[in-house]
Amino acid sequence: MDLKILVFLLTFSAAQGQFYEDKRCRCICPSPAALLNSSLSDRKVYTSNVPPNKCNCEGVILQIVGDELKGHEQEFCPRCECKYETRNTTIIMVVVIMMLWVLTMLSGYMGFLMCLDPLINKRKVKFHQEAGTGTEEARTLLLQDADD
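Here the structure is a predicted model, which is why all the values come from computation and not from measurement.

Peer 1: Would you mind showing me how to read the pattern of salt bridges here?
Peer 2: Close approach of charged atoms allows side chains of opposite charge to pair. Following the criterion strictly, the structure yields three salt bridges and no others. Lys83 is the partner of Glu81 in a salt bridge, and the nearest nitrogen-oxygen pair spans 3.6 Å. Three or more residues joined by partner-sharing salt bridges are found here, namely Arg24, Arg26 and Glu85.

Structure below.
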């Protein structure tokens, strides 16, 4: 029982330190170098924690790469696609913990069956040995009847 509590606390404390924001703005834009040099077509992903009304090129991208663009903002921003995303990390964490619990239970059940397997196989071997001697006797009797 103490081991289960220890495992739960270690799992929960590790997950607690890695919480992420449930809401974010995600923008996919061409690389600033691609705007200045038209031969490149790399795309970059920018994420930021801003309110939904600021989830656009001016609110996210220009704050990050505004110095690189310098005057090319009007050409760069229409090529960006920004989306406001929400997710519930609590539900994700609960589902992951449930899946780990199910895998642990199945592994324990498999271990139990592996320990039980030799006991079951001993009984089958004895049964086959007893049945095997009876079969030999039946064959001998049938062969004797056939010879007569």
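Peer 1: What is the right way to read the state of the cysteines from this model?
Peer 2: Disulfides are covalent bonds that link the sulfur atoms of two cysteine residues. Within this structure, the stated rule accounts for four disulfides. A sulfur-sulfur distance of 2.1 Å marks the disulfide that ties Cys25 to Cys55. Looking down the S-S bond of the Cys25 and Cys55 bridge, the torsion is 80 degrees, so its handedness is right-handed. Separated by 30 residues along the polypeptide, Cys25 in strand β1 (residues 23–30) and Cys55 in the loop between β2 (43–48) and α3 (57–69) bring together distant segments of the chain. With respect to class, Cys25 is no different from Cys55; both count as buried. Here Cys57 is linked by a disulfide to Cys77, with a sulfur-sulfur distance of 2.1 Å. Linking Cys57 and Cys77, the disulfide has an S-S dihedral of approximately -70 degrees and is accordingly described as left-handed. With Cys57 in helix α3 and Cys77 in the loop between α4 (73–76) and β3 (81–86), this pair connects stretches of sequence that are 20 residues apart. When the cysteines of the protein that form disulfides are numbered from the N-terminus onward, they connect as 1-4, 2-8, 3-7, 5-6.

Peer 1: How should I be thinking about the nonpolar core in this particular structure?
Peer 2: The nonpolar side chains of soluble globular proteins are, as a tendency, buried together. Counting residues in hydrophobic clusters, the biggest one holds 14 residues, and the most contacted among them are Cys29, Val60, Ile61 and Phe76. The leading source of residues in this core is α3, at five residues.

Peer 1: Is there a simple way to explain α3 in this structure?
Peer 2: Owing to its 3.6 residues per turn, the α-helix aligns residues three or four sequence positions apart on the same side. Between its first and last C-alpha atoms α3 spans 12 Å; for 13 residues at 1.5 Å apiece the expected length is 18 Å, and the helix comes up short by more than 12%. Restricting attention to buried positions, one finds in α3 the residues Cys57, Val60, Ile61, Val65, Gly66 and Leu69. The residue sitting at the N-terminus of α3 and contributing the capping side-chain oxygen is Asn56; that oxygen lies 3.3 Å from the backbone nitrogen of Glu58. Note on α3: the residue one or two positions beyond its end, Lys70, has a positive phi of about 35 degrees.

Peer 1: Explain the sheet that holds β3 here, please?
Peer 2: Through backbone hydrogen bonds, the strands of a sheet pair up, either in parallel or in antiparallel fashion. Judged by pairing direction, the sheet is antiparallel, and its three strands sit side by side in the order β2-β1-β3 without closing on themselves. Only two strands of the sheet have a single neighbouring strand rather than two, namely β2 and β3. Pairwise comparison of adjacent strand axes, ignoring direction, gives a mean angle of 20 degrees for this sheet. α3 rests against β1, β2 and β3 of the sheet, and its axis sits at about 110 degrees to β2.

Peer 1: I tried to follow the pairing of β1 on my own but got confused; where do I start?
Peer 2: Looking down a regular strand, the side chains alternate between one sheet face and the other. Taken together, the six bridges between β1 and β3 define a ladder with antiparallel strand orientation. Bridging from a neighbouring strand, Cys27 pairs with Cys82 of β3. Taken together, the six bridges between β1 and β2 define a ladder with antiparallel strand orientation. What sits directly across from Pro30, in β2, is Arg43.

Peer 1: Explain the environment of Arg79 to me, please; I cannot follow it from the model alone.
Peer 2: Relative to the assigned elements, Arg79 resides in the loop between α4 and β3. According to the relative accessible area criterion, Arg79 is partly exposed, its value standing at 45%.

Calculation notes
- Residues numbered from 1 in each chain as written.
- Predicted model: local features only at pLDDT ≥ 70, side-chain atom pairs only at ≥ 80, totals over all residues.
- Heavy atoms only, no water.
- Salt bridge = Lys/Arg side-chain N within 4 Å of Asp/Glu carboxyl O.
- Disulfide = S-S within 2.5 Å.
- Helix = DSSP H or I, 4+ residues; strand = E, 2+ residues; numbered from the N terminus.
- Buried < 20%, exposed > 50% of the residue type's maximum accessible area, 1.4 Å probe, protein only.
- Core = buried A, V, L, I, M, F, W, Y, C linked by side-chain atoms within 4.5 Å.
- Expected span 1.5 Å × (residues − 1).
- Polar contact = N/O pair within 3.5 Å; in protein donor to acceptor, adjacent residues only side chain to side chain.
- Pairing = 2+ DSSP bridges.
- Axes fitted to C-alpha atoms, helices over the stretch in contact; angles between N-to-C directions.
- Contact = heavy atoms within 4.5 Å.

Everything listed here is a matter of coordinates, which is why it stays silent on function.
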